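Working through the structure, step by step
If you want the building blocks of each chain, they are given just below.
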Amino acid sequence: MPAVLYGTAWKKAKTAGLVFAAVKVGFAGIDTATAKKHYNEAGVGDGLAAAAETVWTQSKFTYPRGHDPGEAPWGDATDPAERVARSVRAALANLKVSKLDAFLLHGPSTEARRSGKMTEEDFATWAAIARAKRDGLVGAIGVSNVDATLLRQFLALPDPPQIVQNRCFASSGWDYEIRGICREHRVVYEGFSLLTANRDITAGGGPVAAAAARLGKTRQQVVFRFALEVGMVPLTGTTDERHMAEDLGVFDFELTGDEVAAIEGAGVL
């Protein structure tokens, strides 16, 4: 998996052009999903085809709540296994690849989130995702938008997740508990909304601003460098080509241990 991923949510008709630009700037990994409500996965495939580069691809299976009526890739299927199978086939076709490098469950079911316990639907859906891996259609498998209680249940399954992807809030220590579980189980942690969910941390003074001033880097670059130093794979979804290049320009400097600790503690409630 590349160290930094380009996220493609909410880009709609601009998706193909932005993906093309991201790849040409140097992004080697793309995150997307089959949910048309939030993603234009076919546009991602068009952008990749135009760029004529081989990149790491990650898609997701999304439960019905994440689709507008009539737009789910499984059509009229009701069986979880068939829904997953059709979603995988749709992602392969959209991205114009024969195998996905990673395929994630976009989030546990609504009932699981409410009760704190995986449901029959979750078990059946996860089993189908694991089957896609065994069949060679996807590489790594994972789960997104998951809390610690449910993550531990997923990790107890015969085919546990290899990737966790969460919205990362500084107020929770940048998802400190989940990241700790991931380290314990050697699971890759991907963090998204690092900037948009933490505007108060990057604005004004504070440890991010101080590190940026010392290093001569942008505050955004400091946040992404911090993510790398605590073992995170950061996602960026910028639509600005200059910012794309800046977001990749985080490998020629390091934060001090004190700076990492200060940023990790900034905003903790």
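Cut-off values and rules
Residues numbered from 1 in each chain as written. Predicted model: local features only at pLDDT ≥ 70, side-chain atom pairs only at ≥ 80, totals over all residues. Heavy atoms only, no water. Buried < 20%, exposed > 50% of the residue type's maximum accessible area, 1.4 Å probe, protein only. Helix = DSSP H or I, 4+ residues; strand = E, 2+ residues; numbered from the N terminus. Pairing = 2+ DSSP bridges. Right-handed = clockwise from strand over helix to strand, strands pointing away. Expected span 1.5 Å × (residues − 1). Contact = heavy atoms within 4.5 Å. Axes fitted to C-alpha atoms, helices over the stretch in contact; angles between N-to-C directions. Parallel < 35°, antiparallel > 145°, perpendicular 65-115°, else oblique. Left-handed = near helix turned anticlockwise from the far one by under 90°. Nonpolar A, V, L, I, M, F, W, Y, C, P; charged D, E, K, R; others polar.

The chain goes by NADP-dependent oxidoreductase domain-containing protein in an unreviewed UniProt entry, where it is assigned to Aureococcus anophagefferens.

Some details on the pairing of strand β4 (residues 100-105)
Judged by how many residues are buried, β4 sits mostly within the fold: five of six residues are covered. Pairing of strand β3 (residues 56-61) with β4, which is carried by four bridges, proceeds in the parallel orientation. Pairing of F61 across the sheet is with L105, part of β4. Each parallel crossover has a hand, and the one from β3 via helix α3 (residues 80-95) to β4 is right-handed. Sheet topology places β4 next to strand β5 (residues 138-144); five bridges connect them, and they run parallel. Its bridge partner being in β5, L104 is matched across the sheet by G142.

Some remarks on α3
With 16 residues, α3 ought to run about 22 Å at 1.5 Å a step, and its terminal C-alpha atoms sit 22 Å apart, in line with that. Residues of α3 that are buried include every one of P80, R83, V84, S87, V88, A90, A91, L92 and L95, and no others. Where α3 is buried, its residues contact α2 (41-51), β3, β4, α5 (120-134) and β5. Following α3 by one or two positions, K96 has its phi on the positive side, about 60 degrees.

Some remarks on the packing of helix α1 (residues 15-25) against helix α11 (residues 241-248)
Axis separation between α1 and α11 bottoms out at 10 Å; the angle between their running directions is 40 degrees. If you check the angle between α1 and α11, you find them oblique. Seen along the crossing, α1 lies across α11 with a hand that is right-handed. Taking contact as the criterion, the partners of L18, A21, A22 and V25 in α1 are, on α11, E241, M244, A245 and L248. Residues of the contact of α1 with α11, tallied by class, amount to seven nonpolar, no polar and one charged.

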